[in-house]
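What follows is each chain in one-letter form.
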Amino acid sequence: MKTIDLRSDTVTLPTPAMRDAIYNADFGDDVYGEDPSTNRLEKMAAEMVGKEDAMLVPSGTMGNLISLLVHCRRGDEIILGDQAHIFYYEVGGMSALGGIVPHTVTNQRDATMRLEDIEAAIRGDNIHYPRTRLICLENTHNRCGGMPITAEYTDSVRKLADRYGIGIHLDGARIFNAAVALGVPVTDLTRGVDSLSFCLSKGLSAPVGSIICSSSEFIAEARRVRKILGGGMRQTGIIAAAGIVALEEMMKRLADDHENARRLAAGIAGISGLRVELEDVRSNILVFSLENNDLTEDDFMGRLEERGVRFLSRGPRQFRMVTHQGIAAQDIDLTLEILKDVVG
Ligand code: TLP
């Protein structure tokens, strides 16, 4: 039986070109800055997103944590969405390891935070308050169903942040999906932020790795923080070689993932007992709910799992499916047939 794994784009396997690149890569010790493949990847990444410098890290979680630790001191406060990945799924690392206080603001359905809500959350100069140091954005937005946020919105947050002398960090785990979904150069989405991290190991299909991009000064400090966290690695060319292929070759197929997500959503919309908001499906993530009350959430997921279809639960009777390199249009059609069988 074929497995159709829609849990995440993190399950993507390295392509044949990546395996060849890993085999043939040049290596050195990256803690000494001597791994040629990593140096090349970091240069490429910085140029692509229009920043001065970049640094490879093992994961998106570490990329965000290091960035926050560079921006903030203990007791500082950051403003971020109540649905932000950094707030929801990163183990409270900012507080556990950085003494940073999260100040959440409601994420609207379009994944933005209202500018007036952000402004209201910014602390005045008062001895009782923590200092507001940073605003965090996320693009595309995971818990808001892969919603891309526009360059105009990001620029308007920049203007607000500048008025108060606050930094902006972007969790751009899927920033290239956002650029493809919006049909804009990625630099339009990154020009307004001081730092960003993006992932090689999601839709871009590399086996490991994320990259922080920012000013040279910021990245120099980030290298120290990465070392403190035990993230200084040695012959990282083994990771970087696949990352280079990811940046050179895998961008162009992200549009296929978005097309497949729309195809899946359109099919789900036609199945009675399931509900999806079609206009919210803008990239490779799709959130839908089960309205057929004859089935429990566990029965529903269990029966699909038995037929080879895997996906994640997102809360009461709500589920997430993510399209990626390992999912072809036929897999979408098969998934829809199985869904119809199980719910119908
Ligand atoms: N997200 C994972 C899970 O953690 C939920 C997924 O399957 O979507 N930022 C965003 C927006 C993310 O979606 C993720 C991963 C990360 C950061 C963290 O990246 P990793 O998993 O590399 O630490």
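What you see is a predicted model, and the numbers here were worked out from it, not measured in a lab.

Thresholds, definitions, all that
Residues numbered from 1 in each chain as written. Predicted model: local features only at pLDDT ≥ 70, side-chain atom pairs only at ≥ 80, totals over all residues. Heavy atoms only, no water. Helix = DSSP H or I, 4+ residues; strand = E, 2+ residues; numbered from the N terminus. Contact = heavy atoms within 4.5 Å. Domains from an automatic or database assignment. Buried area = accessible area lost by both parts, 1.4 Å probe. Salt bridge = Lys/Arg side-chain N within 4 Å of Asp/Glu carboxyl O. Near = heavy atom within 4 Å. Polar contact = N/O pair within 3.5 Å; in protein donor to acceptor, adjacent residues only side chain to side chain. Areas by Shrake-Rupley, 256 points an atom, 1.4 Å probe, with all protein chains shown as cover. Nonpolar A, V, L, I, M, F, W, Y, C, P; charged D, E, K, R; others polar. Buried < 20%, exposed > 50% of the residue type's maximum accessible area, 1.4 Å probe, protein only. Arc of directions from axis to C-beta.

Novice: Could you give an account of the environment of S95, with specific residues and numbers?
Specialist: Tracing the chain through its elements places S95 in helix 5 (residues 93-98). Each C-alpha atom, one on S95 and one on Q83, is 17 Å from the other, the two residues being twelve residues apart in sequence. When sequence neighbours within four positions are dropped, the list of residues in contact with S95 reads I100 and P102.

Novice: Before we move on, could you go through the domain arrangement of the protein chain and cite the residues and values that matter?
Specialist: In terms of domains, the protein chain is made up of domain 1 (4-10 + 253-343) and domain 2 (14-250). For domain 1 versus domain 2, the separation of C-alpha centres amounts to 28 Å. Across the contact, 18 residues belong to domain 1 and 21 residues belong to domain 2. At the boundary of domain 1 with domain 2, total buried surface from both sides reaches about 1800 Å², with 47% on carbon and sulfur atoms. Counting every contact that joins domain 1 to domain 2 gives three salt bridges.

Novice: Account for the site of the ligand, naming residues and giving values.
Specialist: The ligand sits among 14 residues. The nearest are S8, G60, T61, N142 and D171. A distance of 2.9 Å separates an oxygen atom of the ligand from a polar side-chain atom of R174. Alone, the ligand offers 510 Å² of accessible surface; in the complex the protein occludes 82% of this. For the shell around the ligand, the element with the most residues is helix 3 (residues 60-71), which contributes three residues. Taken together, the residues that form the shell around the ligand break down as one nonpolar, seven polar and six charged.

Novice: Quick one: what's the story with helix 13 (residues 297-306), residue by residue and with numbers?
Specialist: Buried within helix 13 are the following residues: F300, M301 and L304. Burial along helix 13 is one-sided: seen end-on, the buried residues are contained in an arc of 90°. Exposed residues pointing more than 90 degrees away from the buried face of helix 13 are listed as D298 and E306. The secondary structure elements touched by the buried residues of helix 13 are strand 9 (274-276), strand 10 (285-290), strand 11 (309-310), strand 12 (312-315), strand 13 (318-322) and helix 14 (329-343). Once helix 13 finishes, G308 follows within two positions and takes phi at roughly 95°, a positive value.

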